[in-house]
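Here's the letter readout for the chains.
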Amino acid sequence: MRRDHDGARRTVFTPIGAQARVEAVVRRLGDAIELGLLSDGEQLPGEPELAAQLGVSTVTLREALMALRQRGLVTTRRGRGGGSFVTVPEGPVEERLLSHLGGWSLEELRDLGDHWTAVSGAAARLAAQRTEPGDLHQLHRSVEELTDAADPPGRSRLHGRFHVELAAAAQSARLTRELVGIHAEAGALVCLVLGDERHLKDVCDRHRAVICAVHDGAAEHARALAEQCVQVSMERLVDLRLGIPGQSGGPHTKEGTRGQQSSSRRRRNTRT
C-alpha cells in the first residue's frame with residue numbers, strides 16, 4: 001500500500017495548468033491534506049519551489065497559502081527552521097469533506113464529470129486496442145486492493161490509481177497526465193461516495209468489467225464501461241451536493257435536479 005500512497009502523493013505536486021487560480025491551488029493542497037497525502041506537521045516545499053512544481057506564480061501561491069492558513073490547514077513559522085507546515089484539523093473528516101463539496105457548484109461538478117468521463121473512456125478504448133492481456137496485472141491488483149481497503153481516503157487513492165493505470169495501459173502519456181490531474185482534483189470528493197459499502201462493491205464490479213473488456217479487445221465496450229464507472233460516482237456526488245443543507249445550487253439547481261432524475265433512470269437501465 002506504500003507504493004500506492006507514494007504514487008498518489010506525487011499527484012499533489014504536479015502542475016495545475018494554465019487556468020490555475022488561487023482557488024485551484026487551495027483545493028489541490030487542501031484535498032491532499034484531507035486525504036492524508038500530506039501528514040500533520042509536514043513542511044511544505046519553499047514558496048519558489050512549490051510555485052514552480054504547481055506551475056503557478058509565487059503571488060498566486062502566497063494568496064493560496066493565506067487562504068489555507070485561514071482554514072486552519074497550514075501554519076507558517078518564521079525564522080530558522082521556519083516555513084509552511086501542514087495542520088490536519090480535528091473533527092470528523094466526512095463533515096469537512098461535505099463542507100468542501102458545498103464549495104463546488106453543480107456546473108463545476110458537471111464539468112469535472114464530463115472531463116473525467118471523456119478521458120477515462122478514451123483511455124479504456126485505447127487500452128483495449130493496444131495492451132496485451134499479460135499487461136493487465138496492475139489493474140487487477142488495484143481492484144483487489146480497492147475491494148479490501150478499509151478507509152475512504154485509501155479507497156479514493158486506489159480508485160484514482162485504477163484510472164491512471166488504465167491510461168498507462170493505453171500507452172498514452174498525455175492521457176496519463178490528464179488522469180493524474182483529475183485524481184488530484186477529484187480525489188477528496190470521491191472519498192464521500194466510496195465510504196458506502198454497496199457503492200464500493202458496485203465500483204469494484206464495474207472496474208472488473210472494464211478489465212474484461214480491455215482483455216477481450218472490445219474497445220467500444222471498454223469505453224462505455226469506463227464512462228459509466230465515472231458517471232455513477234459523479235451522479236452520487238451531485239446527489240450529495242443537492243442535499244447539503246443551506247447550500248444553493250445557484251442557477252444550475254434546476255438543471256441539476258433534472259440531471260439527478262435522469263441519472264436515476266440511467267442507473268435503473270444499467271442494472272437491467
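**Student:** Give a detailed account of the packing of helix α3 (residues 47–54) against helix α4 (residues 58–70), specifying residues and quantitative values.
**Tutor:** Axis separation between α3 and α4 bottoms out at 9 Å; the angle between their running directions is 105°. With respect to α4, the element α3 is oriented roughly perpendicular. In this structure, α3 contributes Glu47, Pro48, Leu50, Ala51 and Leu54 to the contact, and α4 contributes Thr58, Leu61, Arg62 and Leu65.

**Student:** Which residues make up the confidence of the model for the protein chain, and what values do they have?
**Tutor:** Across the protein chain, the average pLDDT comes to 84, with 82% of residues at 70 or higher. Within the protein chain, no element has a lower average pLDDT than helix α12 (residues 253–271), which sits at 41, and none a higher one than helix α10 (residues 197–216), at 97. pLDDT under 50 marks residues 249–272. Its contacts with residues more than four places away, or in other chains, come to 22 contacts.

**Student:** Tell me about unusual backbone geometry, and name the residues and values.
**Tutor:** For residues other than glycine, phi is negative in most cases, and the peptide bonds are mostly trans. At Gln171, a residue that is not glycine, the phi angle is positive and equals roughly 60°. Counting through the fold element by element, Gln171 comes out in the loop between α8 (152–169) and α9 (173–194).

**Student:** Break down a negative patch on the surface for me, with residues and values.
**Tutor:** A cluster of acidic residues, Glu107, Asp111, Asp114 and Glu185, forms a negative patch on the protein surface. The leading source of residues in the negative patch is helix α6 (residues 106–130), at three residues.

**Student:** I'd love a proper account of empty space enclosed by the protein, names of residues and values included.
**Tutor:** For the coordinates displayed, the defined rule picks out two cavities of 30 Å³ or more. When its volume is computed, the largest cavity comes out at roughly 70 Å³. Lining the largest cavity, in full, are Trp116, Ser156, His159, Gly160, His163, Leu179, Ile182, His183, Ala186, Gly187 and Val190. At the level of secondary structure, the elements contributing two or more residues to the lining of the largest cavity comprise α8 and α9. Of all the elements, α9 adds the most residues to the lining of the largest cavity, at six residues.

**Student:** Could you give an account of the environment of Gly187, naming the residues involved and the relevant values?
**Tutor:** By the element assignment, Gly187 lies in helix α9. Among the residues examined, Gly187 registers a relative accessible area of 2% and is labelled buried. For the pair Gly187 and Arg157, spaced 30 residues apart in sequence, the C-alpha separation works out to 6.9 Å.

**Student:** Explain the packing of aromatic side chains to me, using residue names and the numbers behind them.
**Tutor:** Summed over the entire model, instances satisfying the criterion amount to zero aromatic pairs. One cation-aromatic arrangement involves Arg27 over Trp104; the distance from NZ or CZ to the ring centre is 3.7 Å. Here the basic side chain of Arg77 rests over the ring of Phe85, its NZ or CZ set 3.9 Å away from the ring centre.

The rules we used
Residues numbered from 1 in each chain as written. Predicted model: local features only at pLDDT ≥ 70, side-chain atom pairs only at ≥ 80, totals over all residues. Heavy atoms only, no water. Axes fitted to C-alpha atoms, helices over the stretch in contact; angles between N-to-C directions. Helix = DSSP H or I, 4+ residues; strand = E, 2+ residues; numbered from the N terminus. Parallel < 35°, antiparallel > 145°, perpendicular 65-115°, else oblique. Contact = heavy atoms within 4.5 Å. pLDDT = per-residue confidence, 0-100. Patch = residues over 30% accessible without salt bridge, like charges linked within 9 Å, V, L, I, M, F, W, Y side chains within 5 Å. Areas by Shrake-Rupley, 256 points an atom, 1.4 Å probe, with all protein chains shown as cover. Salt bridge = Lys/Arg side-chain N within 4 Å of Asp/Glu carboxyl O. Lys, Arg positive; Asp, Glu negative; His and termini not counted. Charge placed at Lys NZ, Arg CZ, Asp CG, Glu CD. 1 Å grid on protein atoms, 1.4 Å probe; cavity = no way out; pocket = protein on both sides within 12 Å on 5 of 7 lines; lining within 4 Å. Points joined across faces, edges and corners; volume = space filled by probe spheres on them. Buried < 20%, exposed > 50% of the residue type's maximum accessible area, 1.4 Å probe, protein only. Phe/Tyr/Trp six-rings, centres within 6.5 Å; stacked < 30°, edge-to-face > 60°. Lys NZ or Arg CZ within 6 Å of the ring centre and 35° of its normal.

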